[in-house]
Amino acid sequence: MNIRMIEYAKSLDQVSRARRRDFHRYAETAWLEMRTSAIINKILTELGYEVVTGKALCLEEARMGVPSLEELRAHAELVCEQGTPTDYLTEEMKEGFTGVMGILRCGPGPVVALRFDIDALGLIEEEKEFHRPYREGFSSVNRGAMHACGHDGHGAIGLGVAEVLVKLKKELHGTIKLIFQPGEEGAKGARAIVAHGHLDDVDYFVGTHIAPTEELDDGDVTPGTWGSLATSKYDAHFYGDAAHAGGFPEKGKSAIVAAANAVLNLTAIPRHSGGISRVNVGTIQGGTGRNVVPNHAVIQFEVRGETTEINRYMDQEAVRICNGAAQMNGCTCNMVLQGGAESQHSDEDFLEQIAGIVEKELPHLRVSSCRNARNWGSEDISLMMNRVQEHGGKATYMRSMTPMASAQHTTAFDFDEKVLVEGIEVFAAIVWELCGKDS
């Protein structure tokens, strides 16, 4: 192990904290990560990385859940007032083609990809400082956007890894891809990167997520996870005919009635005997007034499955039900897929190799007693992992444990920033094992 790698990582403690806090203060949700992407673009370019952005990174037709043109334009104007390095804010970023990939080419050898998601959640941040033992006055200034899941930390870790690796470039072989992914929340962003083919030549793929210490994750690093639920996330728009509700109700076709029928029947989808299945309708909106037969309504819902196949069953049933509810009420239905992910698993031999690396080279960090923990929720890193594995490569999705002030996806969330340098150390050690010339 190159001891300088650890020294480099530890020297980045303060700059990594500063980067994380800057990302947190200027939180940006899916496809609006313009300032975040510009900063990453600038740092990677100045470090000497080959940088891929915009439509070269994200395939246009594969993006999901993209904000309206008006929202994109408004945010592009806003970020120019927030200390964004505008020379690195491309026109395509302003159009919602966010995310950055830095490539370090070190001659013949394996291709290693590391993934760091960078988007925030659509939450209004809790302002009471006493709820945050790790907060020092850097709450989000972008109302309605908050890093409540730790992706600000992921971005800072990725940039730290970039700095460490470039210092040791002459001692590495192979190609390293650092993927700063937009739109993980809602499973919107990975598909566009995968569809562009950026994972097709990857031999080893590694991602991580910060997580609280608990029964399974009782160390500093859990080298593998499995079991993220496959998911499909829809906006279903119902269109009918408006009419005066008192004068000529028979001339109307109620979009709200169609939507309500869909809601009731979505929840009645028979659960799959092959494993876990989920459905949830999160919102329903429609109508213009109590005396008008409504001609438009929309529901936002999701289905999930323990496997990709079970989710496909739930997906197909949901589509059938929504279209049937519309037809039954004389309406039409337009379903828009806003996000999606597959089930995932980490390769056992690869995660064991990583556990050995941490135990040998980073003895100050402890590997969790459960080395391959079951995941929760859904994660579109699964699309990247599955593409690598389908092409014969190895993949794992780790957890990096750290104390937290509140649960993830809550408005008082915060975490102990010690995990930033620890994350840099783990990723750097893995790359050194795979690509170091004396490894």
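See the structure printed just above.
As the structure is a prediction and not an experimental result, all values here were calculated from the model. (Residues numbered from 1 in each chain as written. Predicted model: local features only at pLDDT ≥ 70, side-chain atom pairs only at ≥ 80, totals over all residues. Heavy atoms only, no water.)

Caption draft 1: Quick look at the side chain of Q408. Relative to the helices and strands, Q408 is located in the loop between β15 (394-401) and α12 (418-435). What makes Q408 buried here is its relative accessible area of 18%. Side-chain polar atoms of Q408 contact the backbone oxygen of C149, separated by 3.3 Å. Contacts of Q408, omitting those with residues within four sequence positions, involve A148, C149, H209, I210, P212, W376 and F413. (Helix = DSSP H or I, 4+ residues; strand = E, 2+ residues; numbered from the N terminus. Buried < 20%, exposed > 50% of the residue type's maximum accessible area, 1.4 Å probe, protein only. Polar contact = N/O pair within 3.5 Å; in protein donor to acceptor, adjacent residues only side chain to side chain. Contact = heavy atoms within 4.5 Å.)

Caption draft 2: Focus on the pairing of strand β8 (residues 230-239). For β8, the tally of buried residues reaches nine of ten residues, placing the bulk of the element in the interior. By the bridge criterion, ten bridges tie β8 to strand β12 (residues 296-305) in an arrangement that is antiparallel. Bridge pairing in β12 places Y234 opposite F301. Across nine bridges, the pairing between β8 and strand β13 (residues 332-341) is antiparallel. Residue pairing in the sheet places K233 in a bridge with G339 of β13. (Pairing = 2+ DSSP bridges.)

Caption draft 3: The packing of helix α2 (residues 13-25) against helix α6 (residues 151-167), seen in detail. Taken N-terminus to C-terminus, the directions of α2 and α6 make an angle of 140°; their axes are 8 Å apart at the nearest point. Taken together, the axes of α2 and α6 are oblique relative to one another. The element α2 and its partner α6 pack so that their crossing is right-handed. Counting all contacts with α2, which are made through S16, R19, R20, F23 and H24, the residues of α6 involved are D152, G153, G155, A156, L159, G160 and E163. Residue classes in the contact of α2 with α6 are distributed as three nonpolar, five polar and four charged. (Axes fitted to C-alpha atoms, helices over the stretch in contact; angles between N-to-C directions. Parallel < 35°, antiparallel > 145°, perpendicular 65-115°, else oblique. Left-handed = near helix turned anticlockwise from the far one by under 90°. Nonpolar A, V, L, I, M, F, W, Y, C, P; charged D, E, K, R; others polar.)

Caption draft 4: Layout of the packing of aromatic side chains. What the rule picks out here adds up to five aromatic pairs. In textbook terms, an aromatic cluster arises when at least three aromatic residues are bridged by ring pairs, as seen for F116, F180 and F427. Lying across the ring of Y8, K167 places its NZ or CZ 5.2 Å from the centre. Directly above the ring of F248 sits K251, whose terminal nitrogen or CZ lies 4.5 Å from the centroid. (Phe/Tyr/Trp six-rings, centres within 6.5 Å; stacked < 30°, edge-to-face > 60°. Lys NZ or Arg CZ within 6 Å of the ring centre and 35° of its normal.)

Caption draft 5: Molecular detail of the state of the cysteines. Taken as a whole, this structure holds zero disulfides when the rule is applied. Of all cysteine sulfurs in the structure, the one in C106 sits closest to C435, which takes part in no disulfide; the separation is 7.2 Å. (Disulfide = S-S within 2.5 Å.)

Caption draft 6: Quick look at the sheet that holds strand β2 (residues 100-105). Taken in spatial order, the seven strands make up an open sheet running β1-β2-β4-β3-β5-β15-β6, and their pairing is mixed. Edge positions in the open sheet fall to β1 (50-53) and β6 (221-222), since each of these has one partner strand only. Sheet contacts for helix α3 (residues 34-47): β1, β2 and β4 (175-181); angle to β2, the most-contacted strand, approximately 15°. Contacts from helix α10 (residues 348-361) reach β5 (204-211) and β15, with the element oriented near 45° to β15.

Caption draft 7: Geometry of helix α1 (residues 3-11). All of the buried residues in α1 are M5, I6 and A9. Seen from one end, α1 has its buried residues packed into an arc of 95°, which puts them on one side. In α1, the exposed positions that point more than 90 degrees away from the buried face belong to I3 and S11. For α1, the elements touching its buried residues are α2, α6 and α12. (Arc of directions from axis to C-beta.)

Caption draft 8: Focus on the nonpolar core. Counting residues in each nonpolar core, the largest one holds 68 residues, and the members touching the most others are L114, V161, I176, L178 and F180. The biggest single contributor to this core is α12, with twelve residues. Those residues in contact with V161 that sit more than four places away from it in its chain are Y49, L114, F116, L178, I424 and F427. (Core = buried A, V, L, I, M, F, W, Y, C linked by side-chain atoms within 4.5 Å.)

Caption draft 9: Fine view of the sheet that holds β12. Read from one edge of the open sheet, four strands run β10-β12-β8-β13, paired in antiparallel fashion. Of all the strands in the sheet, the pair left with one neighbour each is β10 (277-286) and β13. Averaged over all pairs of adjacent strands, the angle between their axes in this sheet comes to 15°, without regard to strand direction. Of the pairings in the sheet, the one linking β10 to β12 comprises nine bridges and is antiparallel in character. If you follow V281 over to β12, its bridge partner there is F301.

Caption draft 10: Structural context of the environment of T29. Within the element layout of this structure, T29 appears in the loop between α2 and α3. Distance in space between the C-alpha atoms of T29 and L365 is 32 Å, their sequence separation being 336 residues. Once you skip the residues sitting within four places of it in the chain, T29 turns out to touch D119, A120, L121, G122, G144 and A145.

Caption draft 11: Region of the structure containing the pattern of salt bridges. Under the defined criterion, the tally for this structure stands at 29 salt bridges. The salt bridge partner of R387 is D200, with a shortest N-O separation of 2.8 Å. Taken together, the residues R387 in helix α11 (residues 381-390) and D200 in the loop between α7 (190-195) and β5 connect sequence positions 187 residues apart. Here D200 falls in the partly exposed class, since its relative accessible area comes to 31%. (Salt bridge = Lys/Arg side-chain N within 4 Å of Asp/Glu carboxyl O.)

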